[in-house]
Amino acid sequence: MHPLTSRCRYDLHSHTTASDGLLTPQQLVLRAVEMGISTLAITDHDTTAGLGPARAAIVENQLALTLVDGVEISTLWENHEIHIVGLAIDTRHPALCALLEEQSERRILRAQIIAERLEKARIPGAWEGAARYANGGAITRGHFARFLVEDGRASTIAGVFKSYLAKGKTGYVPPQWCTIKQAIDAIHHSGGVAVLAHPGRYRLSAKWLKRLLADFAAARGDAMEVAQCQQAPHERSQLAQLARQYHLLASQGSDFHQSCPWIELGRNLRLPDDLTPVWSAWESSASVEERGA
Ligand code: AMP
Ligand code: MN
Ligand code: MN
Ligand code: MN
């Protein structure tokens, strides 16, 4: 096991009510400590609004938790929605702020069109419903999904995605996200590390996944998520192999939105020993030595 992994528990992908997570930033940091996490990245969709309240809660409750400033940026690549996580970013950097501002406008515009399309399909009230769930945070399809379940359109979130919100369905609107390169550049300008999120979740063939990784690496992407909680051992091995092949640092994260039987902060997150963990990019060698690694 990597020396850092043995002593610290990292979860570098999580959501709060600033986007489509169910816990407030305050509740999330408390839960992270309960789950034995020592370093948590909050990575809300196209917003950093949860980080300030999370940091305040850490101070107020004197929590032994390191918070990594993060964000998950939606991009468009070859007609696929690809998510790029930025870690250890400077949330005030103008280039990053400008990009997130544009993304937020795109989110609102897309949400309005989703609502119009649902309205035409005789599902009224979707805008108000989704906005109520977003409650001032970044609006996502996840909020529409909650409204549609509440409205009795299907019994589960997965069910409404399948019937209404997935590509090609009534409520699907092709998004206008930024490119992978624009997301990576903004993350780098702000001093952060760019991570390809959940590479196994894009339903890409092996050939296309390699194409994505080659493009991501060529755009100077730094890392890819290798360990997630809901993952078969062979999937993790395959991703680890790709990290080696494309010389990418390795990240781990639960993509926590709410706790459920198979997803929990810090659950089942472990990287193969030989990979270089992404946190080596921002943790200085001095602090590694201090920990006796
Ligand atoms: P958006 O960024 O607005 O496209 O919303 C994407 C979010 O919707 C993801 O981050 C997930 O939280 C959620 N989501 C996407 N697909 C599914 C699905 N099949 N089942 C449940 N949640 C999903
Ligand atoms: Mn989400
Ligand atoms: Mn994602
Ligand atoms: Mn996520």
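Residue numbers run consecutively from 1 along every chain, following the written order of its sequence. A letter from A marks each chain and a number from 1 marks each ligand, given out in the order of writing. At least 70 in pLDDT is required for a residue's local features to be given in this predicted model, at least 80 for side-chain atom pairs to be given and counted, and no such filter applies to totals for whole chains, interfaces and linings, which use all residues. Excluded from the side-chain calculations are hydrogens and water; all other atoms, namely the structure's heavy atoms, are used.

Caption draft 1: Representation of the overall build of the chain. Going along the chain from the N terminus, every DSSP run of H or I of four or more residues is numbered as a helix, and every run of E of two or more is numbered as a strand. Of regular secondary structure, the chain possesses eleven helices and seven strands. Note that the radius of gyration is over C-alpha atoms, with the globule rule given as 2.2 Å times the number of residues to the power 0.38. A compact globule built from 293 residues should have a C-alpha radius of gyration of about 19 Å, and the chain, at 19 Å, falls within 12% of that. Referenced to the eigenvectors of the C-alpha coordinate spread, the extents of the chain come out at roughly 60 × 45 × 40 Å. We call a residue buried when its accessible area falls under 20% of the maximum for its residue type, exposed when it is over 50%, and partly exposed in between, using a 1.4 Å probe and counting protein chains only. Every one of the 293 residues in the chain was classed for burial, and the buried ones make up 50%. Within the chain, contacts between residues at least 6 apart in sequence are counted, and of these 73% link residues at least 24 apart. In this count, Lys and Arg are taken as positive residues and Asp and Glu as negative ones, while His and the chain termini are left out. Taken as the charge centre is NZ of Lys, CZ of Arg, CG of Asp or CD of Glu, depending on the residue. With 30 positive and 31 negative side-chain charges, the chain shows a spacing of 8 Å between the two charge centroids. Note on contacts: a residue pair is in contact if any heavy atoms of the two residues lie within 4.5 Å.

Caption draft 2: Structural context of the coordination of the manganese ion (ligand 3). Coordinating N, O and S atoms are those within 2.8 Å of the metal (3.2 Å for Na, K and Ca), and as water is not part of the atoms, a site may appear to have fewer donors than expected. Protein coordination at the manganese ion (ligand 3) comes from Glu 72 (OE), His 83 (ND1) and His 198 (NE2), with a distance range of 2.1 to 2.2 Å. Every donor residue of the manganese ion (ligand 3) comes from the same chain, spaced as E-x10-H-x114-H. A gap of 5.7 Å separates the manganese ion (ligand 3) and the manganese ion (ligand 2). Taken as a pair, Glu 72 in strand E3 (residues 66-77) and His 83 in strand E4 (residues 80-87) lie far apart in primary sequence, eleven residues in all.

Caption draft 3: Spotlight on the coordination of the manganese ion (ligand 4). Surrounding the manganese ion (ligand 4) are the protein donor atoms His 13 (NE2), His 15 (NE2), Glu 72 (OE) and Asp 255 (OD), at 2.1 to 2.2 Å. Going along the chain, you hit the donors of the manganese ion (ligand 4) in the pattern H-x1-H-x56-E-x182-D. Between the two metal centres, the manganese ion (ligand 4) and the manganese ion (ligand 2), the spacing is 4.7 Å. With a gap of 240 residues between them, His 15 in the loop between strand E1 (10-11) and helix H2 (25-34) and Asp 255 in the loop between strand E7 (249-252) and helix H11 (285-290) connect regions that are remote in the sequence. Classification of His 15 as buried rests on a relative accessible area of 0%. Judged by its relative accessible area of 7%, Asp 255 is buried.

Caption draft 4: Quick look at the site of ligand 1. All residues in the neighbourhood of ligand 1 are listed as Asp 20, His 45, Glu 81, Arg 107, Arg 110, Thr 140, Arg 141, Gly 142, Ile 157, Phe 161 and His 257. With respect to ligand 1, the side chain of Arg 107 contributes an N or O atom lying 3.0 Å from an oxygen atom. Any pair of nitrogen or oxygen atoms within 3.5 Å is treated as a polar contact; in protein, a donor-acceptor pairing is required on top of that, and neighbouring residues in sequence qualify only through side-chain atoms on both sides. A distance of 2.4 Å separates an oxygen atom of ligand 1 from a polar side-chain atom of Arg 110. Per-residue and other accessible areas follow the Shrake-Rupley method at a 1.4 Å probe size, with only the shown protein chains counted as cover for residues. Isolated, ligand 1 exposes 490 Å² of accessible area, and the fraction of that covered by the protein chains is 72%. Within the residue set of the shell around ligand 1, elements represented by two or more residues are helix H4 (94-120), helix H6 (141-150) and helix H7 (157-165). Here the term charged refers only to Asp, Glu, Lys and Arg, the term nonpolar to Ala, Val, Leu, Ile, Met, Phe, Trp, Tyr, Cys and Pro, and the term polar to all other amino acids, Gly among them. Of the residues contributing to the shell around ligand 1, the split by class is two nonpolar, four polar and five charged. If you count residues domain by domain, the shell around ligand 1 takes at least three from each of domain 1 (3-95 + 187-292) and domain 2 (101-165). Only heavy atoms are used to decide nearness, and a residue is near a molecule or strand if one of them lies within 4 Å of it. Boundary definitions for the domains trace back to an automatic or database domain assignment.

Caption draft 5: Region of the structure containing unusual backbone geometry. Not every positive phi belongs to a glycine, and Asn 79 is a case in point at roughly 70 degrees. Structurally, the position occupied by Asn 79 is in the loop between E3 and E4. Looking at Asn 79, the relative accessible area reads 56%, which means it is exposed. Located in the positive-phi region is Arg 220, a residue other than glycine, with phi close to 70 degrees.

Caption draft 6: The nonpolar core, seen in detail. Ranked by internal contacts, the top residues of the largest apolar core, which has 48 residues, are Ile 73, Ile 84, Leu 212, Met 224 and Val 226. Looking at this core, the elements that each hand over two or more residues are E3, E4, H4, helix H8 (180-189), strand E5 (193-196), helix H9 (206-218), strand E6 (223-227) and helix H10 (233-245). Ranked by residue count, the leading element in this core is H8, at five residues. With residues up to four places along the chain from it excluded, the contact list for Ile 84 reads Val 71, Glu 72, Ile 73, Thr 75, Ile 180, Ala 183, Ile 184, Ile 187, Ala 194, Val 195, Leu 196 and Phe 216. Grouping buried Ala, Val, Leu, Ile, Met, Phe, Trp, Tyr and Cys residues that are joined through side-chain atoms within 4.5 Å yields what is termed a nonpolar core.

Caption draft 7: Here's a closer look at the side chain of Arg 107. As for its position among the elements, Arg 107 is in helix H4. By relative accessible area, which is 5% here, Arg 107 ends up buried. Within the structure, Arg 107 has its side chain in polar contact with the side chain of Ser 74 (distance 3.3 Å). If sequence neighbours within four positions are ignored, Arg 107 has contacts with His 45, Asp 46, Ser 74, Ala 138, Ile 139, Thr 140 and Trp 177.

Caption draft 8: Seen up close, the packing of aromatic side chains. Planes of paired rings set the category: under 30 degrees apart is stacked, over 60 is edge-to-face and the rest tilted, where pairs are Phe, Tyr or Trp rings (Trp by its six-membered ring) whose centres lie within 6.5 Å. According to the stated counting rule, one finds two aromatic pairs in the structure shown. With 3.7 Å between their ring centres and 5 degrees between their planes, Tyr 10 and Trp 279 make a pair best called stacked. Linking Tyr 10 in strand E1 with Trp 279 in the loop between E7 and H11, this pair joins segments that are 269 residues apart in sequence. For the pair shown, Tyr 10 and Trp 279 are each scored as buried.

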